[in-house]
Amino acid sequence: MDHTSAQAERVDMVIVGAGFGGMYATWKFREMGLSIVSIEEGKDVGGVWYWNRYPGARCDLLSVDYSYGFSEEVQQEWTWSEQFAAQPEILAYANFVADRLDLRKHYRFETRVESAKWDDKRQLWRVRTSDGKLLEATYCVMSTGPLSKPTDPDIPGLSRFKGLTLRAARWPHEEPDLKGKRIGVLGTGSSGMQIIQTLGRTECELFVFQRTPSFTLPMRNRKVSDRDVAELKANYASIRAACKMNPTGGARPVSTRPFFSIPADHRQELMEQAWQHGGHTFLGIFSDLMVNQAANDQVADFVRDRIHDTVNDKALAEKLKPRGYPIFARRPCLDTGYYETYNRENVHLVDCLEDPIVEITENGIRTQSGEHELDVLILATGYDALTGALLAFEITGKDGVALKDKWEGGPRSLFGIMMAGFPNLFMTTGPNGPAALANIFTISENDVDFIAGVIAQMQAQGQGAVEPSLAAEDAWMAQIQTLASRSLMLKAKTWWTGSNVKGKPQGMSMFTGGFHKYREACESVSANGYRDLVFEPAPALETAAR
Ligand code: N01
């Protein structure tokens, strides 16, 4: 059914997503006085944490980082119980924020955006949703998240399996009964590892189908003491300020010392200490791990030695050791006893490099050596990341140009926030910002604040449309490419570079220069009077109508 404009609902802004980016956008733009409709496919807030409720789901960023800094009420009233929070606690936090800031009233849940089309004459977006409605909005903010479109593996026969198929990224809200079952886990990235180390300790037979072994570091999670909480709450302002200056956008310190500038015995000591300390500390002890292959090799050897020490069966330890790509060129995982899990008799590794998967059958998975019978198949096979959710519906900009055509060779934008040819359309944690390489909360707050600055500028000057100049977008993309060409990240096959999805443009689209440099680049746009953006005055009629 087509809609005329008379049937459309006119608002200032449509926001897509009820993850942490979308929730902050909803609060911020409401506080600016804009009328808002926020759209979310899930039944409630939480984004990725609403969907990912698989056994052992837990964030591997420190809780202090994985939380908002914009609201003093929220950060003072909420108390994290663990250093690294589990999914139920993160989801409870999302619900707490939604209640405390009264965000739910702006949301239409269980609703998808089906298309968004720019009307250049009227300077607005026409947004069609799955409930058959048409919204007309001056601005659109896409907070669709870098990891929200899960992918199934391209293995023949997936639909033939007669047992229970579960997806990490779409885990049922009613807990399935897995006790005593033969369970196959496909995928050994962050999701798969958490599932394996959790289910491996339960009463079941667990078969891990591993293609590429991942590097993982010990999380060494602990409860947050009352003293820690008091200290944290007293120092939030300075912690948040420090996060903004940090390449990771988080509280973890990052060294400026290159690996080989430190004497060999001291390097070893630093690695031992970081290993014992746990978390991502290890990532921050040398400054050049992602640009110096020789340094990277030595750190990778240190971690491989720990696998050797932990796994009793030394032949099995060899199979679990990641090789052939630099450590940290794939997203590093944090684990709690992952390798120890393989010392249990009920946990079996199927090395799919040595014994490749041929097909999924009615009864399980057939590898070259034979069939592995299963009652349950868990897919932890990752995401069409960074661009997948944005390309899942039609977005059409100026002159009828579709986003999928603009991004045919890979995503292009200014900061992952705005695109030439797509006026008044904004993204948060978009594919050309630091997205997956820095703290998602710090990036989201930065991006929403940047957008708010642009809109305030438009309002002050009576502008109706804004987009970045093509020159500014090109310059930003060139910077991304230059930085990426120096990084070891391109040496691994990973969702960071799009190589996990068939037919997807390959390459590093994210800004690898660190959150602090990204923030400075964003801030320079307002500091130079928004010269990098092209504004169009508002049409007289639309201005008068509002
Ligand atoms: O996905 P992944 P994920 N046959 O893409 C395997 C965040 N996250 O959901 O590498 C066999 O990392 C694939 O094998 P290979 C975090 O940013 C965070 O685990 O292609 N295997 C790989 O092992 C993370 O990086 C948290 O050889 C197949 C796995 O599936 C991101 O989400 C927790 C296959 C996919 O791993 C994604 O993590 C969870 C096939 N045909 C997620 N196809 C925390 O905060 C795919 N695989 C802790």
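Residues numbered from 1 in each chain as written. Predicted model: local features only at pLDDT ≥ 70, side-chain atom pairs only at ≥ 80, totals over all residues. Heavy atoms only, no water.

The name given to the protein in an unreviewed UniProt entry is NAD(P)/FAD-dependent oxidoreductase, with the source organism recorded as Pararhodobacter zhoushanensis. Taken directly from UniProt, the Cofactor (unreviewed entry) text for the protein runs: "FAD". The UniProt entry for the protein carries the following comment under Sequence similarities (unreviewed entry): "Belongs to the FAD-binding monooxygenase family." (UniProt positions renumbered as here; feature names shortened; annotations may be inferred.)

1. Quick look at the site of the ligand
Inspection of the region around the ligand gives 24 residues, with S191, R211, T212, R330 and W495 positioned closest. R211 has a polar side-chain atom sitting 2.8 Å from an oxygen atom of the ligand. T212 places a polar side-chain atom, nitrogen or oxygen, 2.5 Å from an oxygen atom of the ligand. In isolation the ligand has 900 Å² of accessible area, and contact with the protein removes 87% of it. Here the shell around the ligand is built from residues that sort into nine nonpolar, nine polar and six charged. Split by domain, the residues of the shell around the ligand number at least three in each of domain 1 (8-147 + 384-545) and domain 2 (158-379). (Near = heavy atom within 4 Å. Polar contact = N/O pair within 3.5 Å; in protein donor to acceptor, adjacent residues only side chain to side chain. Areas by Shrake-Rupley, 256 points an atom, 1.4 Å probe, with all protein chains shown as cover. Nonpolar A, V, L, I, M, F, W, Y, C, P; charged D, E, K, R; others polar. Domains from an automatic or database assignment.)

2. Brief notes about unusual backbone geometry
With a phi close to 50°, E110 is a non-glycine residue in the positive phi region. Within the element layout of this structure, E110 appears in the loop between β3 (107-108) and β4 (113-119). Using a relative accessible area of 54% as the deciding quantity, one classes E110 as exposed. Its identity is not glycine, yet A435 carries a phi of approximately 30°, on the positive side. Mapping A435 onto the fold places it in the loop between β19 (422-427) and α13 (440-461). (Helix = DSSP H or I, 4+ residues; strand = E, 2+ residues; numbered from the N terminus. Buried < 20%, exposed > 50% of the residue type's maximum accessible area, 1.4 Å probe, protein only.)

3. Considering the pattern of salt bridges
Tallying each qualifying case throughout the model produces 35 salt bridges. Linking D384 and K149 is a salt bridge whose minimum nitrogen-to-oxygen distance equals 3.8 Å. Placement of D384 in the loop between β16 (376-379) and β17 (394-396) and of K149 in the loop between β6 (134-142) and β7 (164-167) is noted, with a sequence separation of 235 residues between them. Here R182 and E373 are joined by a salt bridge, their closest N and O atoms 3.4 Å apart. One end of the pair, R182, is in strand β8 (residues 182-186); the other, E373, is in strand β15 (residues 370-373), with 191 residues separating them in the sequence. By relative accessible area, E373 is classed as partly exposed at 40%. Linked by salt bridges that have partners in common, D119, R122, R126 and E136 make up one network. (Salt bridge = Lys/Arg side-chain N within 4 Å of Asp/Glu carboxyl O.)

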